[in-house]
Every structure is written in C-alpha cells, then in structure tokens.
Amino acid sequence: MPTETDVLVVGSGPGGLAAANVLAQGAPDLRIMLIDARTRIGSPVRCGEMSCGALFDIMGFKRRARWVRWSLPKSDGMIVLDRPRMEYEMSRIVADSGVGVHERTSLTAIEAYRDGARWVTLSTPEGPRRVRARRVIAADGVS
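Only a predicted model underlies this, so the values are computations on that prediction, with no experimental measurement involved.

**Here we look at the overall build of the protein**
So, step 1. Each helix and strand in the protein was counted, giving three helices and nine strands.
So, step 2. The secondary structure elements of the protein, listed N-terminal to C-terminal, are β-α-β-β-α-β-β-α-β-β-β-β.
So, step 3. Over its C-alpha trace the protein gives a radius of gyration of 16 Å, about what one expects of a compact globule, namely 15 Å for 143 residues.
So, step 4. Dimensions of the protein along its principal axes, counting C-alpha atoms only, are 55 × 30 × 25 Å.

Encoded structure:
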C-alpha cells in the first residue's frame, strides 16, 4: 500500500466507483486509491438495486448485460441491477486502469496537513497505515 496518493476514494458503491473511474479516465497521471471496508467489493449490497438506464453512461462505464437483472417495462428506462456482480467487476475495471483497490480497508482518522492535503489513518488487514492524500472523496454512503 502506498504512503501517498493524489486522491483517496472512500467507498466502492456506485458513487465511489464512478469517481475513481472518471478520474482514472480523465487524469491518467493521478495516483488514485479506492478503499472499501467490505471483505469483497459488491457484497453485501447496502442499498437499492433499481436505477435509471443511463446509470452506466453517468458512471463512465460501458454497460454490460450481466450487470442488469431486469429492464422494467413501462418504466421509462428503469432497470434492476445485479449490484454484487456490477460493483465487483467495476472495481476490477478501475484496478486495471491503474487505481489501487483495497478491500477490508477503512478510514479511521483524518487530519489536516499542509497545502490542503490530509493525513489519513487506514485500518487494513495488515494493521493501521498512514497515507498522505492530496484529496479525499467520501463516497461511503449513509452508514
């Protein structure tokens, strides 16, 4: 695990995955780290699975048929997602684009550092780690 990153994204639900993906595509020189407290990204699902059909375009991912359980007729494009599969596979896509993806890792403390950066303390399977992050995106949901 690196000791410095340009962007730390906390949470690998749709918001965190979209942030990591858009940043990786738009600024390939950025060092991006995506962390999630779950043992396996995508499981368990923490919120609803219904979304608009444009979700994948919004998130910057090419739609894959296996990510959609159902398209709802007469619903103006609403779909029901296979969230566990979708989130796990999206995390592999962003990892392949250079994002450091870390499961079983959570942010336990954050403190100011000079120039607007932050020192964050992470709980990892190997024990606590301190990482200097220029920016932190909190996409860890309501819990």
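Anyway, onward from the coordinates.
**Looking at the packing of aromatic side chains**
So, step 1. Per the counting criterion, the structure on display carries three aromatic pairs.
So, step 2. Consider the rings of F56 and W67, whose centres lie 5.6 Å apart with planes at 40 degrees: the pair is tilted. With F56 in helix α2 (residues 55-59) and W67 in the loop between α2 and β4 (68-71), the pair connects residues that are eleven residues apart, well separated along the chain.
So, step 3. Assessed through its relative accessible area of 1%, F56 is described here as buried.
So, step 4. In this structure W67 comes out as buried when scored by relative accessible area, which is 0%.
So, step 5. Considering the side-chain rings of F61 and W67, the 6.3 Å spacing of their centres and the 85 degrees angle between planes classify their relative orientation as edge-to-face. Comparing F61 with W67 shows no difference in burial state: the two are buried.
So, step 6. Every member of this aromatic cluster is reached through a ring pair, and the members are F56, F61 and W67.
So, step 7. The ring of Y88 is capped by R40, whose NZ or CZ atom sits 3.7 Å from the centre of that ring.

**Some points on the pattern of salt bridges**
So, step 1. All chains considered together, the criterion is met by twelve salt bridges.
So, step 2. Note that R132 and E4 form a salt bridge whose closest N and O atoms lie 3.7 Å from each other. In this pair, R132 is assigned in strand β9 (residues 127-138) and E4 in strand β1 (residues 4-10), connecting sequence segments 128 residues apart.
So, step 3. In this structure, R69 engages D82 in a salt bridge whose closest nitrogen and oxygen atoms are separated by 3.4 Å. Of this pair, R69 sits in strand β4 while D82 sits in the loop between β5 (78-81) and α3 (83-96), and the two are 13 residues apart along the sequence.
So, step 4. On the basis of relative accessible area, R69 is assigned to the partly exposed category, the value being 39%.
So, step 5. Each of D36, R38, R83 and E87 takes part in one network of salt bridges that share partners.

About the criteria used
Residues numbered from 1 in each chain as written. Predicted model: local features only at pLDDT ≥ 70, side-chain atom pairs only at ≥ 80, totals over all residues. Heavy atoms only, no water. Helix = DSSP H or I, 4+ residues; strand = E, 2+ residues; numbered from the N terminus. Rg over C-alpha atoms; globule rule 2.2 N^0.38 Å. Phe/Tyr/Trp six-rings, centres within 6.5 Å; stacked < 30°, edge-to-face > 60°. Buried < 20%, exposed > 50% of the residue type's maximum accessible area, 1.4 Å probe, protein only. Lys NZ or Arg CZ within 6 Å of the ring centre and 35° of its normal. Salt bridge = Lys/Arg side-chain N within 4 Å of Asp/Glu carboxyl O.

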